[in-house]
Amino acid sequence: LMWKWDEDEVQSDMYVTENVAEMMIFKLKNTLSPDVRNILQIGACLGGQFDPSTLSFIAERLQATKNEASLTGQELSSMHDSSTCGKQRISVIQCLNHCLGQGLLECHDGLNYQFTHDQVSTAAFSLIPQEKRDYLQLRIGQALLEKLSDIELEKKIFIVVDLLNRGVSFISRDNDKECKLLATLNLKASRKAMRSSAFTSAESYIKIGISLLGPEHWSCQTALSLEMFDTAAKIALCNRNWNDMKYYLNEIICQNLPTENKVSAYIVKMNYFFYHQHFPQEGRDIALDALSKFGVIFPKKHIKCALIKELIKTKFFLRGKCISKIRDHFVMEDERKMCIMQLMESLVIYTNSTNPTLSFLVNLKMVQWSVCHGISRYSAVAFSVYGLFLCGIMGNIAEGYECAKVAKAIVEEFNGIPESVFGCNAYINHWVEPIHIVEKRFRQDYDVLMRTGNISVALASRRISNQMSLSSGRPLASIEADIAITSRELEEHNNERLRNLLLPMWQFVLNLMGQSNDPQILTGKVMQQDDLLRKSEENKDYLLKSTINFHQIWAAFYFGDLEYAGALVKDIQNIQSTNVGSFLVWRCALFDGLTAFALARKHQSYKWKKHAAKVTSKVRRWVEKGNVNCKHILFMFEGEMAALKGKNETVREKYSAAISTAARFGFIHDRALANELFGIHMLEIGETYFAAHCLKSACELYSRWGATAKEKHLSDKYKWF
């Protein structure tokens, strides 16, 4: 079969389409009564669906004057005269029924009507004289605005505002009331568009709204102007229109307004420097300068000393209080303090990865204020990050998890957004809850955050979701497809740092799937290992370096290069400080411990045996404190320790427990690994039949996971079996 392009036939089809449109216009103009045409024309302006009540109401309003009553140069017929409302409704329904019979409209649920085809709607609209269209749509929009309740208006805000905007040239700029009303409606429409991630439409609405503000709007319409320019700056940030964003922000900041009114503008500016320009120091300085205007001073030097002092002070404030009951604390009412809390919240979030010491310092102040001055929506971040501090730094998982539950309760109390509990999911909940549940929560949060325009945190949520997917054992093909989408979104938003953090995992997944020359090296389709390591050193990006090292040791252990894995053990010890509270800490412990056990057995090394025992003790503490994700890891370590001591029955018992526990919690890759290590041990003690069963199970599980390179490596190594 061959495709052939026939230009003449294509043009012929296009001509027929145009002919159909002309025929439809002819039919409407010459076969329908003026009443029916009028109703169709109103419907064409409304678009989508419309009901008889709305059509009748609009037609009645258009009857007010002779000019407004004519759509085609004729006066509307008697169905819009001064007769009763009931008769009007019947006449409209008769017109609609006639259109149904002609195949021009279709009816849904006996109430709502819509055009059977776009060509019909276009033809009906084209019958309205060109010079009357904009004014007619303005009047229809005004009629809708009069008829709809607040709830109905919220649902149909785009239809109403679009109609009004098309006739905006007929609104006198001297009519302050009309201009303010339409500006306010455009503001509402732009915010609703933002919640749907329709940032281009949001930009269009907000620009029209700003154009309707008077020349002295900052003095006469201060509150509305502030809302308009603040929303415009946020939309410009999302659309990456930096010049527009700077203009809107400067308009706000240069006004002689209280500092409280400029807080949102400062936060947008911080967001710009932290996430879009990658200048965290500039973003930090903006926040610290804004806080200093409120009289709240944080040091730029000797932060660790200040952190210790604030920690002692926080412990004093919380002394004798049950953290779980703080959710029932009194509410903060001081607006000035609320503004300060908002600024501190942003500073905590933005500096969490670039300057964690400052982030914790500011957060301790937020906890103190929440206890002393009352809780607010910003207290959710305060207790979320304080919980991270307790879990990741102090090792107090139980109390940290209580803080996470308090943060979640505060979000629900104040109808907050997932951004406020981002830290709970990323750094606390996985210490207690199954990682599969936490990962699913991140995917849900991503959708909500994108709808609310919080793109930077949404993308961070998506990246962590990808990382958790790999650690939880989701199918590799699904993970790779998700990572590709995340990478594309990060590129679109120019977030190079987050994308770099994604690359080692992406390449490792491709390696496992057999899509690289050497599965042990993170070099291939998406990255060059040496280049990315060099970049991490040049930029002093220790988080990136630890992320690379983590996937390096995983690959080295999987594919049997124990000496290289041993060399990496020293590098990954920093992961505790670069990934405070992260699930990568306990995930990394798996390969840290297994490498130590393997080298202790291979070299009969006391040093490696001691290191393995140290890692085992750490994992045991996590399990005792409630970490369900580490149970199978602890069983594997105990099995390895028993193997070192020659206790074969204990090995069988511990590895059987590890395999069943990994299966129960859905860790298919760790279940495969446990079968592999158990099989190797059984082989070493001469249990060849049982070893064959375990190794075969491991290959099948690796295959189900999608790790074809690992399956091949294992099959080739034991093919004689």
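Here the structure is a predicted model, which means the values were calculated and not measured. (Residues numbered from 1 in each chain as written. Predicted model: local features only at pLDDT ≥ 70, side-chain atom pairs only at ≥ 80, totals over all residues. Heavy atoms only, no water.)

A. Examining the overall build of the protein chain more closely. Helix and strand counts for the protein chain stand at 37 helices and 2 strands. By its C-alpha atoms, the protein chain is 100 × 75 × 45 Å across when sized along the principal axes. Of the contacts formed within the protein chain by residues at least 6 apart in sequence, a portion of 65% connects residues at least 24 apart. Averaged over its 86 positive side-chain charges, the protein chain has a centre that lies 9 Å from the centre of its 79 negative ones. (Helix = DSSP H or I, 4+ residues; strand = E, 2+ residues; numbered from the N terminus. Contact = heavy atoms within 4.5 Å. Lys, Arg positive; Asp, Glu negative; His and termini not counted. Charge placed at Lys NZ, Arg CZ, Asp CG, Glu CD.)

B. Quick look at the nonpolar core. Core analysis: the largest hydrophobic core is formed by 253 residues, its most contacted members being L40, V619 and W705. V619 has contacts with A589, C630, I633, L634 and F637, leaving out every residue within four places of it along the chain. (Core = buried A, V, L, I, M, F, W, Y, C linked by side-chain atoms within 4.5 Å. Buried < 20%, exposed > 50% of the residue type's maximum accessible area, 1.4 Å probe, protein only.)

C. Spatial organisation of empty space enclosed by the protein. Under the definition given, this model contains 2 cavities of 30 Å³ or more. Here the largest cavity defines a volume of roughly 60 Å³. Taken together, L46, Q49, F50, T54, L144, K156 and I159 make up the full set of residues lining the largest cavity. Taken together, the residues of the lining of the largest cavity sort by class into 4 nonpolar, 2 polar and 1 charged. (1 Å grid on protein atoms, 1.4 Å probe; cavity = no way out; pocket = protein on both sides within 12 Å on 5 of 7 lines; lining within 4 Å. Points joined across faces, edges and corners; volume = space filled by probe spheres on them. Nonpolar A, V, L, I, M, F, W, Y, C, P; charged D, E, K, R; others polar.)

D. Expanded view of the packing of aromatic side chains. This model, assessed by the stated rule, comprises 23 aromatic pairs. Relative to F115, the ring of F50 has its centre 5.7 Å away and its plane inclined at 65 degrees; by these criteria the two rings are edge-to-face. Residue F50 is found in the loop between α2 (34-46) and α3 (52-62), and its partner F115 is found in strand β2 (residues 112-115); the two are separated by 65 residues along the sequence. Consider the rings of W218 and F229, whose centres lie 5.3 Å apart with planes at 40 degrees: the pair is tilted. Here the residue W218 occupies a position in helix α12 (residues 217-220), and F229 occupies one in helix α13 (residues 222-238), the gap between them amounting to 11 residues. Take W218: its relative accessible area is 14%, and that puts it in the buried class. (Phe/Tyr/Trp six-rings, centres within 6.5 Å; stacked < 30°, edge-to-face > 60°.)

E. Quick peek at the packing of helix α10 (residues 176-195) against helix α11 (residues 199-211). Contact geometry for α10 and α11: axes closest at 8 Å, N-to-C directions at 165 degrees. When the axis of α10 is compared with that of α11, the two are roughly antiparallel. As α10 packs across α11, the resulting crossing turns out to be left-handed. From α10, A183, N186, L187, A189, S190, A193 and M194 reach across to α11, where they touch F199, S201, A202, Y205, I206, I208 and G209. Residues of the contact of α10 with α11, tallied by class, amount to 10 nonpolar, 4 polar and no charged. (Axes fitted to C-alpha atoms, helices over the stretch in contact; angles between N-to-C directions. Parallel < 35°, antiparallel > 145°, perpendicular 65-115°, else oblique. Left-handed = near helix turned anticlockwise from the far one by under 90°.)

F. Focus on α2. End to end, α2 covers 18 Å across 13 residues, agreeing with the expected 18 Å (1.5 Å per residue, within 8%). Within α2, 12 of the 13 residues are buried, leaving the element largely enclosed by the surrounding structure. Taken residue by residue, α2 has D35, V36, R37, N38, I39, L40, Q41, I42, G43, A44, C45 and L46 as its buried positions. Within two residues after α2, G47 carries a phi angle of roughly 70 degrees, on the positive side. (Expected span 1.5 Å × (residues − 1).)

G. Spatial organisation of the pattern of salt bridges. Applying the stated criterion across every chain, the model contains 29 salt bridges. Residue D244 is joined to K207 by a salt bridge in which the shortest nitrogen-to-oxygen separation is 3.4 Å. Pair noted here: D244 is in helix α14 (residues 242-253) and K207 is in helix α11, with a separation of 37 residues, a long-range link. According to the relative accessible area criterion, D244 is partly exposed, its value standing at 25%. You can call K207 partly exposed: its relative accessible area is 38%. With a shortest N-O distance of 3.1 Å, K654 and E638 are connected by a salt bridge. On the criterion of sequence distance, the pair formed by K654 in helix α34 (residues 648-664) and E638 in helix α33 (residues 631-644) is long-range, its members being 16 residues apart. Each of E439, R443, R474 and D482 takes part in one network of salt bridges that share partners. (Salt bridge = Lys/Arg side-chain N within 4 Å of Asp/Glu carboxyl O.)

H. Spatial organisation of the pairing of β2. Bridge analysis of strand β1 (residues 105-108) against β2 gives 4 bridges, and the strand direction is antiparallel. Bridging from a neighbouring strand, H108 pairs with N112 of β2. Two successive antiparallel strands, β1 and β2, enclose a turn made up of 3 residues, where D109 displays a positive phi of approximately 50 degrees. (Pairing = 2+ DSSP bridges.)

I. Spotlight on the environment of D447. Within the element layout of this structure, D447 appears in helix α23 (residues 435-451). Taking C-alpha positions, D447 is 9.7 Å from S461, a pair spaced 14 residues apart along the chain.

J. Structural context of unusual backbone geometry. One non-glycine residue with positive phi stands out, namely R240, at about 60 degrees. Counting through the fold element by element, R240 comes out in the loop between α13 and α14. Looking at R240, the relative accessible area reads 24%, which means it is partly exposed. Despite not being glycine, K540 has its phi angle at roughly 55 degrees, a positive value. Inspection of the secondary structure puts K540 in the loop between α27 (529-538) and α28 (542-558).

K. Structural detail: the side chain of S465. Relative to the assigned elements, S465 resides in helix α24 (residues 455-472). Since its relative accessible area comes to 3%, S465 is described here as buried. Setting aside residues up to four positions removed in sequence, S465 forms contacts with E439, F442 and R443.

L. Up close: the confidence of the model for the protein chain. Per-residue pLDDT for the protein chain averages 87, and the proportion of residues at 70 or more is 92%. Within the model, pLDDT remains below 50 along residues 65-90, and this stretch shows 49 contacts once partners closer than five positions in the same chain are excluded. (pLDDT = per-residue confidence, 0-100.)

M. A look at the environment of A484. Looking at the element boundaries, A484 is found in helix α25 (residues 476-492). For A484 and W506, which are 22 residues apart along the polypeptide, the C-alpha to C-alpha distance reads 8.2 Å.

N. A look at the side chain of H632. Its place among the elements puts H632 in helix α33. Excluding residues that lie within four positions of it along the chain, H632 makes contacts with A658, T661, A662, F667 and D670.

O. Expanded view of α14. The terminal C-alpha atoms of α14, which comprises 12 residues, lie 16 Å apart, in line with the 16 Å expected from a rise of 1.5 Å per residue. Turning to α14, its buried residues are W242, M245, Y248, L249, E251 and I252.

P. Fine view of the packing of α27 against α28. Between α27 and α28, the shortest axis-to-axis distance is 8 Å and the interhelical angle comes to 150 degrees. When α27 is examined against α28, the residues Q529, L532, L533, S536 and E537 are found in contact with a partner set consisting of L544, K545, I548, N549 and Q552. Partitioned by chemical class, the residues of the contact of α27 with α28 number 4 nonpolar, 4 polar and 2 charged.

Q. Quick look at the environment of N239. Mapped onto the fold, N239 is located in the loop between α13 and α14. A C-alpha to C-alpha distance of 46 Å links N239 and K618, two positions 379 residues apart in sequence. In this structure N239 touches F199, T200 and E203, once residues within four positions along its chain are discounted.

R. Broad picture of the state of the cysteines. As enumerated under the stated definition, the model contains 0 disulfides in all. The thiol of C699 is unpaired, and the distance to the nearest cysteine sulfur, on C694, comes to 12 Å. (Disulfide = S-S within 2.5 Å.)

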